[in-house]
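Letter by letter, the chains look like this.
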Amino acid sequence: MLEDRMVYLRGDFVPWSDAKVHLMSHSVGRGSAIFEVLSFHDTVHGPAVFRLDEHMDRLLASAALLGMELPMSREEFHRAVLETVRRNGLREGFIKIICFYSQVAFDIFPPQRMLDASIFAVDPAQDLKGMHFPFEKGTTACIPKWRKLDPETVPVEAKAAANYLNGIMAKEEARKRGFEEAIMLDTQGFIAEGGTESIFLVKDGRLMTPALGTVLKSISRKSVLEVARVMGIETVEGRLRPELFFTSEEIFFSGTPIKVLPVRQIEERVLDKVPGPVTKKLFEAMRDIVSGKDERFKAWLFPVS
Ligand SMILES: Cc1ncc(COP(=O)(O)O)c(C=O)c1O
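Model, not experiment: these values are computed from the prediction.

J.: Would you mind showing me how to read the domain arrangement of the chain here?
T.: Where interface size is given, it is often the accessible area lost as the parts come together that is meant. For the chain, the assigned domains are domain 1 (2-126) and domain 2 (139-290). Computed from C-alpha coordinates alone, the two centres of domain 1 and domain 2 are separated by 25 Å. In this assembly, 21 residues from domain 1 lie in contact with 13 residues from domain 2. Those elements that place two or more of their residues in the side of domain 1 that touches domain 2 are strand E3 (34-43) and helix H2 (52-65). Broken down by element, the side of domain 1 that touches domain 2 gets its largest block of residues, seven residues, from E3. Residues of the side of domain 1 that touches domain 2, tallied by class, amount to ten nonpolar, six polar and five charged.

Written out as structure tokens, the structure is:
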């Protein structure tokens with residue numbers, strides 16, 4: 001149960017129920033928190049965190065893009081993440097790092113420059129009932145009326161809590177219309193991404209995904225592209241028109257909790273064969289990588305002990 005978990009908070013470990021901030025804190029009032037969600041896996045060599053180095057890079061980049069100061073070095077975060085998993089005795093699950101302004105603020109300007117840091121580790125099977133992504137079944141998606149945040153308005157590459165109102169609105173629309181997920185277009189009308197997932201399409205055997213610039217620098221997106229290239233699959237990163245949703249052979253989401261999740265229906269289009277062959281190959285490759293069975297990618301796994 002979540003209540004049994006120990007949380008890293010400002011250099012200490014505290015019980016789950018003690019990881020609190022004041023309701024008037026700047027981060028509650030304005031959404032001024034940056035965060036990371038990582039996965040860890042029960043590999044053949046013991047529990048290991050997937051691409052911890054990449055997540056650290058993105059956390060540092062989020063702080064830099066928003067002019068925020070992190071309270072610890074990259075190495076200290078790295079150690080604290082591994083220690084949080086160890087303390088909770090978990091073998092498989094998710095980690096969330098949240099860096100936030102805890103001080104009370106009426107003003108829009110944060111009262112502190114230095115963020116506070118917290119780290120959570122959970123096992124979805126024990127702690128998060130209902131967090132389950134059946135690969136074979138796939139998912140459904142709509143194209144919502146809400147567009148992906150424009151990079152001219154806020155740095156969309158920063159993983160900031162406030163940016164997620166965008167994904168929340170898109171997903172709310174999906175749910176109201178009877179879909180599970182939403183795939184947003186950008187303000188120019190090109191395919192962008194899901195609320196918390198990147199999007200891939202397969203057309204004529206080529207793997208396509210929107211270019212960076214309007215989308216989050218997703219670590220799963222980067223991993224899927226790298227794996228595809230190693231497998232000899234041609235990859236294209238570009239400005240993709242939504243017409244591709246109706247002509248591509250396969251569509252799938254990628255993201256930390258799901259890695260690869262096929263889309264079986266988008267708007268009124270029901271895809272023929274789900275999961276499609278390229279999606280399946282990439283799903284299996286990612287499964288072997290995270291379980292430590294593919295030695296070529298062992299540098300992507302950071303042992304917990
Ligand atoms: C907007 C958005 N796109 C894509 C992703 C996938 O990123 P990652 O693979 O790093 O989890 C996320 C993850 O939360 C996200 O929030």
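From this point, the narrative continues.
J.: Mind showing me how you'd approach the site of the ligand here?
T.: Around the ligand there are 13 residues in total, and Ser218, Ile219, Ser220, Gly255 and Thr256 lie nearest to it. Looking at the shell around the ligand element by element, the count peaks at three residues for helix H6 (residues 219-230). Its residues assigned to classes, the shell around the ligand comprises three nonpolar, seven polar and three charged.

J.: Before we go on, may I ask you to explain the environment of lysine 222 in this structure?
T.: Relative to the helices and strands, lysine 222 resides in helix H6. You can call lysine 222 partly exposed: it has 15 C-beta atoms within 10 Å.

J.: Help me understand the environment of glycine 89, please; the structure alone is not making it clear to me.
T.: Following the sequence through the fold, glycine 89 ends up in the loop between helix H3 (74-87) and strand E5 (93-100). With 12 C-beta atoms packed within 10 Å, glycine 89 lands in the exposed category. Glycine 89 sits 107 residues away from threonine 196 along the chain, and the two C-alpha atoms are 27 Å apart.

J.: I tried to follow the sheet that holds strand E6 (residues 116-122) on my own but got confused; where do I start?
T.: The strands making up a sheet are joined through hydrogen bonds of the backbone, oriented either antiparallel or parallel. The strand order E2-E1-E6-E5-E3-E4-E16 describes an open sheet built from seven strands, whose pairing is antiparallel. The open sheet has two free edges, formed respectively by strand E2 (12-15) and strand E16 (301-303), since each of these has just one partner strand. If you compare each strand with its neighbour and ignore which way they point, the axes differ by 30° on average. Pairing of strand E1 (residues 6-9) with E6, which is carried by two bridges, proceeds in the antiparallel orientation.

J.: Would you mind showing me how to read the pairing of strand E14 (residues 261-266) here?
T.: Each regular strand shows side chains that alternate between the opposite faces of the sheet. Taken across its six residues, E14 has five buried, putting it largely inside the fold. Bridging between strand E7 (residues 139-142) and E14 involves three bridges; their strand directions are parallel. Paired with threonine 140 across the strands is glutamine 265, a residue of E14. With two bridges connecting them, strand E13 (residues 250-254) and E14 associate as antiparallel partners. By the bridge assignment for E14, phenylalanine 252 is matched with proline 262. The hairpin turn running from E13 into E14, its antiparallel successor, is six residues long, and lysine 259 in that turn takes a positive phi close to 60°. The sheet contact formed by E14 and strand E15 (residues 269-270) spans two bridges and is antiparallel. Counterpart to glutamine 265 in the pairing with E15 is valine 270. Between E14 and E15, which pair antiparallel one after the other, the connecting turn spans two residues, and glutamate 267 there sits at a positive phi close to 45°.

The rules behind these values
- Residues numbered from 1 in each chain as written.
- Predicted model: local features only at pLDDT ≥ 70, side-chain atom pairs only at ≥ 80, totals over all residues.
- Domains from an automatic or database assignment.
- Contact = placed C-beta atoms within 7 Å.
- Helix = DSSP H or I, 4+ residues; strand = E, 2+ residues; numbered from the N terminus.
- Nonpolar A, V, L, I, M, F, W, Y, C, P; charged D, E, K, R; others polar.
- Near = placed C-beta within 6 Å.
- Buried ≥ 20, exposed ≤ 12 C-beta atoms within 10 Å, placed from the backbone.
- Pairing = 2+ DSSP bridges.
- Axes fitted to C-alpha atoms, helices over the stretch in contact; angles between N-to-C directions.

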